[in-house]
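Commentary on secondary and tertiary structure
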Amino acid sequence: MLAVNEITTNAVLHGGGHGRLRLWSHGELLWCEVSDEGPGLPAGWMGDMRPPAGFDFRGRGLWLTSMVCEHITIVSGPAGTTVTFAAVRE
Amino acid sequence: MVHVASSVLDPDLGDHVCLPFDGERERRTTTGLFTVNGLRRRTKVVIITHADSPERTRGWLAPLVPGLADAESAGQVEILDCAGTHFTGGRLDLERVYASLSDAHARARKHGQHGVYALIDASWGAGATGEQVAFEAATNELFGERWLAAVCQYDRGLFARDALDRASSVHPISPEQALLRFAGTSEPAGLRVWGDIDLTNRPAFASLLARLEKEPGEVVIDASELDFIDAGSARLLTVTAMARPRGATSVVCRDSIARVLRLIGADEFMTVRRVGDA
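Residues numbered from 1 in each chain as written. Chains lettered and ligands numbered in written order. Predicted model: local features only at pLDDT ≥ 70, side-chain atom pairs only at ≥ 80, totals over all residues. Heavy atoms only, no water.

Side note on helix α2 (residues 23-40) of chain B
Residues and elements named next belong to chain B. An ideal rise of 1.5 Å per residue puts 26 Å on 18 residues; α2 measures up with 26 Å between its terminal C-alpha atoms. Three or more residues of α2 are buried, namely Arg27, Thr30, Thr31, Gly32, Phe34, Thr35, Asn37, Gly38 and Leu39. In the segment just after α2, Arg42 is the residue with positive phi, at about 60°. (Helix = DSSP H or I, 4+ residues; strand = E, 2+ residues; numbered from the N terminus. Expected span 1.5 Å × (residues − 1). Buried < 20%, exposed > 50% of the residue type's maximum accessible area, 1.4 Å probe, protein only.)

Written as structure tokens, this is what we have:
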């Protein structure tokens with residue numbers, strides 16, 4: 001739930017205001033894919049995947065998602081971004 | 001699960017709802033339904049008008065609410081002009097609104113009614129978005145005692161999209177956004193919250209937290225019935241705790257919420273107690 005919220009919020013706030021959400025289950029995992037046609041992740045976004053030191057104020061949706069999910073695949077470019085992630089179904 | 005669209009017209013006491021609408025027919029229908037629901041709940045229904053005068057409102061409302069005239073005579077329904085409840089000398093007056101609604105509550109109690117069901121024509125604020133949004137945020141504290149339900153009707157024809165978004169996000173409840181309910185608590189001071197908090201109603205949550213920031217002594221946020229909080233709203237909660245004396249803020253919550261708080265490093269600034277912990 002948290003990961004879906006964080007990634008879709010990113011799509012709305014930074015990815016052009018709207019996006020597409022796909023949900024499916026496979027085995028014990030629930031998969032989610034969020035894609036937008038925004039300008040792509042900013043340069044240096046991979047640095048955002050490092051754990052923050054102490055309390056941080058900036059949005060860290062991708063990092064949070066990587067902490068709560070089993071898999072995360074990010075494809076991003078100037079024509080859009082797609083984030084695919086999965087978590088064990090509770 | 002009750003569909004949100006109908007339940008916003010049948011709110012619980014303590015709910016503060018932003019309800020956008022399209023056109024006169026929808027406005028009148030919702031006014032009628034709201035009034036019928038308020039009467040059924042034995043609350044005092046207060047209809048605060050702006051676009052239409054109270055007399056004109058009565059004219060189109062009567063066919064929609066069986067027994068309206070009798071209900072008005074018996075004090076079960078009051079139709080008031082917002083000029084008398086919201087404004088003093090033409091200026092928006094928050095204290096006057098508090099007094100008007102509190103007086104309505106006193107009259108309700110005298111008549112053996114369970115609280116106040118208020119429906120407000122929000123067109124009074126069209127063209128003064130900033131002031132109206134700040135006002136709506138400030139009034140959230142009234143709802144913590146849970147004797148008042150208010151539905152604010154926002155005409156989509158009058159309010160630009162971004163003005164409407166700002167107004168709705170400062171309401172804890174609005175269609176198509178996360179739904180938050182809350183109650184003020186005392187001894188220790190704090191807040192009980194239930195429902196969901198995310199970007200869509202985060203400004204409403206912020207207005208509730210703002211009041212707790214300066215609270216002397218211990219503050220407890222009882223989120224044991226909170227289903228979801230997003231990271232940004234959890235950060236907001238942490239910032240409030242950071243502004244308070246060390247060790248003076250605690251949160252009671254479920255495992256899923258505790259996990260979010262731990263992930264963002266909030267547990268350094270507040271005590272996080274899981275529901276079920278000793």
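Brief notes about the pattern of salt bridges
All names here are of chain B. Within the structure shown, the criterion is met by 23 salt bridges over all chains. Among the salt bridges present, the one from Asp10 reaches Arg41, with a minimum N-O distance of 2.8 Å. Here Asp10 is found in the loop between α1 (4-7) and β1 (16-21), whereas its partner Arg41 is found in the loop between α2 and β2 (44-49), with 31 residues between them in sequence. Classification of Arg41 by relative accessible area gives partly exposed; the value is 25%. Between Asp12 and Arg41 there is a salt bridge, and its shortest N-O distance comes to 3.6 Å. (Salt bridge = Lys/Arg side-chain N within 4 Å of Asp/Glu carboxyl O.)

Quick look at the sheet that holds strand β6 (residues 116-121) of chain B
Residue and element names in this part refer to chain B. Taken in spatial order, the five strands make up an open sheet running β1-β7-β6-β2-β3, and their pairing is parallel. Among the strands making up the open sheet, the edge pair consists of β1 and β3 (77-81). Neighbouring strand axes in the sheet, compared pairwise and without regard to direction, differ in orientation by 20° on average. Note: β2 against β3, five bridges, orientation parallel. Directly across from Val45, in β3, lies its bridge partner Val77. (Pairing = 2+ DSSP bridges. Axes fitted to C-alpha atoms, helices over the stretch in contact; angles between N-to-C directions.)

Considerations on the side chain of Asn37(B)
Residues and elements named next belong to chain B. With respect to the helices and strands, Asn37 occurs in helix α2. In this structure the side chain of Asn37 is engaged in a polar contact, spanning 2.9 Å, whose partner is the side chain of Arg40. For Asn37, the residues in contact, after removing those within four places along its chain, are Leu9, Asp10 and Tyr117. (Polar contact = N/O pair within 3.5 Å; in protein donor to acceptor, adjacent residues only side chain to side chain. Contact = heavy atoms within 4.5 Å.)

What about the packing of aromatic side chains?
Residues and elements named next belong to chain B. Counted by the stated rule, this structure contains five aromatic pairs over all chains. Both rings, one in Phe87 and one in Trp124, keep their centres 5.9 Å apart while their planes meet at 80°; by these two values the pair is edge-to-face. Of the two residues, Phe87 sits in strand β4 (residues 87-88) while Trp124 sits in the loop between β6 and α7 (129-139), which places them 37 residues apart along the sequence. Overall, Trp124 belongs to the buried group, its relative accessible area being 11%. With 5.2 Å between their ring centres and 90° between their planes, Trp124 and Phe135 make a pair best called edge-to-face. Taken together, the positions of Trp124 in the loop between β6 and α7 and Phe135 in helix α7 put the pair 11 residues apart, joining distant regions of the chain. Owing to a relative accessible area of 8%, Phe135 belongs among the buried residues under this scheme. Here a set of aromatic residues connected by ring pairs shows up, and it is made of Phe87, Trp124 and Phe135. (Phe/Tyr/Trp six-rings, centres within 6.5 Å; stacked < 30°, edge-to-face > 60°.)

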